[in-house]
Amino acid sequence: MAFRKIDIDALEEDAFGEDEIDFQEIGELRTQAEVEAQVNSRAQEVRSLLQRGNTSGALSTSLQNPPYGAPFHAAKARNTQIVMEVLNSIKVADVPQLVKSLSPEEQDVLMKYLYAGMAVPEQNNSGHLLAWHEKLTEVAGQGCIVRVITDRRTV
């Protein structure tokens, strides 16, 4: 039983959705076609790297320039699928070394994808993602978690 009769979140000035973020202001204005073409070319490059056994390169490539913004739901889902394919192809024993080789920005983006993957447990192996989360937190620290949770740009 709710004790409030008014939805206070609707009245709060700071409450806003992802569609209200001004991506032009932060220099990320791209068209739908550009984003989808970029994600598709990245998918081909990542698969090529995985076939050659270059998991480090595949991970780094999959984390570069992720699609942000409300109109790119299909591209965001496709890119999340690409990152999950890479994560699932890497053995848990190799995770700490790979995480250490990533830049701090890539570590933050990886954490975003881990949370996006854990949000859909029926599609992803949550145990494997939790192992990644543990190793990433050991290397990047708790600041990585805070940065990802407070960042308004979602993947």
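Residues numbered from 1 in each chain as written. Predicted model: local features only at pLDDT ≥ 70, side-chain atom pairs only at ≥ 80, totals over all residues. Heavy atoms only, no water.

(A) Looking closely at the environment of A116. Residue position: A116 is located in helix α6 (residues 104-118). Residue classification places A116 among the buried positions, given a relative accessible area of 19%. Not counting residues up to four positions away in its chain, the partners in contact with A116 are T80 and V155. (Helix = DSSP H or I, 4+ residues; strand = E, 2+ residues; numbered from the N terminus. Buried < 20%, exposed > 50% of the residue type's maximum accessible area, 1.4 Å probe, protein only. Contact = heavy atoms within 4.5 Å.)

(B) Highlighting the nonpolar core. By size, the foremost hydrophobic cluster in this structure holds 34 residues, and its most contacted members are L59, L63, L87, L110, L114 and W132. Secondary-structure elements contributing two or more residues to this core are α2 (32-51), α3 (55-62), α4 (73-89), α5 (95-101), α6, α7 (126-140) and α8 (142-150). (Core = buried A, V, L, I, M, F, W, Y, C linked by side-chain atoms within 4.5 Å.)

(C) Spatial organisation of unusual backbone geometry. Phi at N65 takes a positive value of approximately 50°, unusual for a residue other than glycine. Residue placement: N65 occurs in the loop between α3 and α4.

(D) A look at the packing of aromatic side chains. Enumeration over the complete set of coordinates arrives at zero aromatic pairs. The ring of Y68 has R153 sitting right over it, with the charged end atom 4.7 Å from the ring centre. (Phe/Tyr/Trp six-rings, centres within 6.5 Å; stacked < 30°, edge-to-face > 60°. Lys NZ or Arg CZ within 6 Å of the ring centre and 35° of its normal.)

(E) Molecular detail of the side chain of N124. Structurally, N124 is set in the loop between α6 and α7. When its relative accessible area of 14% is taken as the criterion, N124 is described as buried. Reaching out from N124, the side chain makes a polar contact with the backbone oxygen of G117 at a distance of 3.0 Å. Excluding residues within four positions of it along the chain, N124 makes contact with M84, G117 and L129. (Polar contact = N/O pair within 3.5 Å; in protein donor to acceptor, adjacent residues only side chain to side chain.)

(F) Seen up close, α4. Given a rise of 1.5 Å per residue, 17 residues ought to cover 24 Å, and the 24 Å separating the end C-alpha atoms of α4 matches this to within 8%. For α4, the full list of buried residues reads A75, K76, N79, T80, I82, V83, M84, V86 and L87. Those residues of α4 hidden inside the fold are in contact with α2, α3, α6 and α7. (Expected span 1.5 Å × (residues − 1).)

(G) Broad picture of the packing of α2 against α4. Between α2 and α4, whose axes approach to 9 Å, the crossing angle comes to 10°. The angle between α2 and α4 places the two elements in the roughly parallel class. Here α2 contributes V35, E36, V39, N40, R42, A43, V46, R47 and L50 to the contact with α4, which in turn contributes A74, A75, R78, N79, I82, E85, V86 and S89. Its residues assigned to classes, the contact of α2 with α4 shows nine nonpolar, three polar and five charged. (Axes fitted to C-alpha atoms, helices over the stretch in contact; angles between N-to-C directions. Parallel < 35°, antiparallel > 145°, perpendicular 65-115°, else oblique. Nonpolar A, V, L, I, M, F, W, Y, C, P; charged D, E, K, R; others polar.)

(H) Expanded view of α7. The end-to-end C-alpha distance of α7, which contains 15 residues, comes to 20 Å, matching closely the 21 Å that a straight helix rising 1.5 Å per residue would cover. Within the sequence span of α7, burial applies to H128, L129, A131, W132, H133 and L136. The secondary structure elements touched by the buried residues of α7 are α3, α4, α5, α6 and α8. Between the side-chain oxygen at the start of α7 and the backbone nitrogen of G127 there is a gap of 3.2 Å, and the oxygen is on N125. Where α7 ends, the next residue or the one after it, G141, has phi of about 85°, a positive value.

Purely geometric numbers; function is a separate question.
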